[in-house]
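# Observations on the model geometry
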Amino acid sequence: MKNIAILCSGGDVSGMNPAIKQFVDYAYKNALTPYFVYDGFEGLIDNKITKATHKEVAGIINRGGTILGSSRSKRFMDKSYREVAKKNLDALGIDKLVILGGDGSFKGMDVFYKEHGIKFCAIPSTIDNDINGTQYCLGVDTALNVIKDSVDNIRDTASSFSRAFVIETMGRDCGYLALISALTCGAELCLIPEVDYDLSSYEESFGAQIKSGRRYFIVIVSEGIKNSAQEISQWLEQKVGIESRVTVLGHTQRGGNPTTYDRLMAYKFVNYAIDGLLGAKESSVICYTKKGFEYKSIDEVTGTKYKLDAELIKYLDKF
Ligand code: F6P
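Residues numbered from 1 in each chain as written. Predicted model: local features only at pLDDT ≥ 70, side-chain atom pairs only at ≥ 80, totals over all residues. Heavy atoms only, no water.

### Side note on the environment of Glu-311
Examined against the element boundaries, Glu-311 turns out to sit in helix H12 (residues 310-314). Overall, Glu-311 belongs to the partly exposed group, its relative accessible area being 46%. In sequence terms Glu-311 and Thr-184 are 127 residues apart; their C-alpha atoms lie 15 Å from each other. At 3.0 Å, the side chain of Glu-311 and the side chain of Tyr-315 are in polar contact. (Helix = DSSP H or I, 4+ residues; strand = E, 2+ residues; numbered from the N terminus. Buried < 20%, exposed > 50% of the residue type's maximum accessible area, 1.4 Å probe, protein only. Polar contact = N/O pair within 3.5 Å; in protein donor to acceptor, adjacent residues only side chain to side chain.)

Right, dumping it as structure tokens:
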């Protein structure tokens, strides 16, 4: 069949729109007819599937989010709804899907493939960068740049007002965003879920730094650590002796103009996805590794829980 569809599932990321644009361009280039599925697996079930043209993707390359919408579908876990989804795809003659999402979505798609033979290539897309088997997930660079801009702004006020700031990043239970941001934004302390810590071990050194003239501290913490950002802030005030404020960056990290790197990665991921589906790849994830782009099986990717790179963890010694 010559019909191919794309959908976004799970948390949206900046980089999805450039990927959607390239999907349409590259599908037509390969004599395929591209289709959009709106609202993730929910749209597959509710038949929100339309033929895509260049017109719909004009002017989206610079926009965050996804023009297709996304969802975390509970219904798709139910066999009867997957049957409805299959009927909807059959009616349009679609047997190939490109899916942008996280490993939970990939698992759902794999079940669908095994039941109904809908081929798919998955593109790892999550700001958390926590998908096993790939070093890079779409959207991470944009999120890191959003964090960088926020930390740089906070530094301006922290240094002016002699305050500590506790800045909380997203990441669910993965500390990647916090650690990379702490290293690249010059934080004094970084706390991530993967590594236990003892706040009291920093008190003497932080106190001495204040005595010798330090005016402010930037503390970057990942959501998912054992303390809340508010508790870390109280600790800074009570035990270190510096006025402190909290900034939870929250969903700002999921939006914004996609960086050049994310646009380029979107372009490459999509080309690999379509090439894979035109070749013999029927149910794979495109991973970016030290060797470049590789097609990996769902089991290889989802069979093992993601672990933060040991080399990166070593850099925590700096704090
Ligand atoms: O997985 C992406 C992510 O942004 C996590 O970093 C965060 O914990 C979660 O999604 C937030 O989910 P929601 O958008 O449903 O609040």
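### What to know about the sheet that holds strand E3 (residues 49-51)
Here we have seven strands laid out as an open sheet, ordered E3-E2-E1-E4-E5-E10-E11, and mixed in their pairing. Each of the sheet's edge strands pairs with one partner strand only, and the pair in question is E3 and strand E11 (292-297). Adjacent strand axes in the sheet meet at a mean angle of 25°, parallel and antiparallel pairs treated alike. Alignment of strand E4 (residues 94-101) against strand E5 (residues 119-124), held across six bridges, turns out to be parallel. (Pairing = 2+ DSSP bridges. Axes fitted to C-alpha atoms, helices over the stretch in contact; angles between N-to-C directions.)

### Focus: the pattern of salt bridges
Pairing of side chains with opposite charge becomes possible as their charged atoms draw close. For the coordinates displayed, the defined rule picks out 16 salt bridges. For Glu-188, the salt bridge goes to Arg-214, with nearest N and O atoms at 3.4 Å. Of the two residues, Glu-188 is situated in the loop between helix H7 (176-184) and strand E7 (189-191) and Arg-214 in the loop between helix H8 (200-211) and strand E8 (217-222); the sequence distance between them amounts to 26 residues. Where salt bridges share partners, they join Glu-42, Asp-46 and Arg-75 into one cluster. (Salt bridge = Lys/Arg side-chain N within 4 Å of Asp/Glu carboxyl O.)

### Considering the sheet that holds strand E6 (residues 164-169)
Strand-to-strand pairing in sheets goes through backbone hydrogen bonds, with the strands running parallel or antiparallel. Within the open sheet, the four strands sit side by side as E7-E8-E6-E9. Their pairing is parallel. The outermost strands of the open sheet, each flanked by one partner alone, are E7 and strand E9 (244-248). This sheet shows a mean twist of 15° between the axes of neighbouring strands, independent of strand direction. Direction of pairing for E6 relative to E8: parallel, over a ladder of six bridges. Paired with Thr-169 across the bridge in E8 is Ser-222. Packing of H7 onto the sheet brings it into contact with E6, E7 and E8, and relative to E8 it is tilted by some 160°. (Contact = heavy atoms within 4.5 Å.)

### What to know about the side chain of Lys-296
Turning to its location among the elements, Lys-296 is positioned in strand E11. Here Lys-296 occupies a buried position and makes no salt bridge, while the nearest side chain of opposite charge, Glu-300, is found at 4.3 Å. At a separation of 2.9 Å, a polar atom in the side chain of Lys-296 contacts the main-chain carbonyl oxygen of Gly-133. With residues up to four places along the chain from it excluded, the contact list for Lys-296 reads Gly-133, Ser-284, Val-285, Cys-287, Thr-289 and Val-301. (Lys, Arg positive; Asp, Glu negative; His and termini not counted.)

### Some remarks on the pairing of strand E10 (residues 283-289)
Burial runs high along E10: six of the seven residues are buried. Here three bridges tie E5 to E10, and the two strands are oriented parallel to one another. Note on E10: the bridge partner recorded for Cys-121 is Ser-284. Here E10 runs beside E11; their pairing, made up of six bridges, is antiparallel. Bridge pairing in E11 places Thr-289 opposite Gly-292. The hairpin turn running from E10 into E11, its antiparallel successor, is two residues long.

### Describing the packing of helix H1 (residues 16-29) against helix H10 (residues 260-278)
Interaxial distance between H1 and H10 falls to 8 Å at its minimum, and their mutual angle equals 40°. With respect to each other, H1 and H10 are oriented oblique. Two packed elements cross with a definite hand, and for H1 against H10 that hand is right-handed. Mapping the contact onto sequence places Pro-18, Ala-19, Gln-22, Phe-23, Tyr-26 and Ala-27 in H1 and Arg-263, Ala-266, Tyr-267, Val-270, Asn-271, Ile-274 and Asp-275 in H10. When grouped by side-chain class, the residues that make up the contact of H1 with H10 number nine nonpolar, two polar and two charged. (Parallel < 35°, antiparallel > 145°, perpendicular 65-115°, else oblique. Left-handed = near helix turned anticlockwise from the far one by under 90°. Nonpolar A, V, L, I, M, F, W, Y, C, P; charged D, E, K, R; others polar.)

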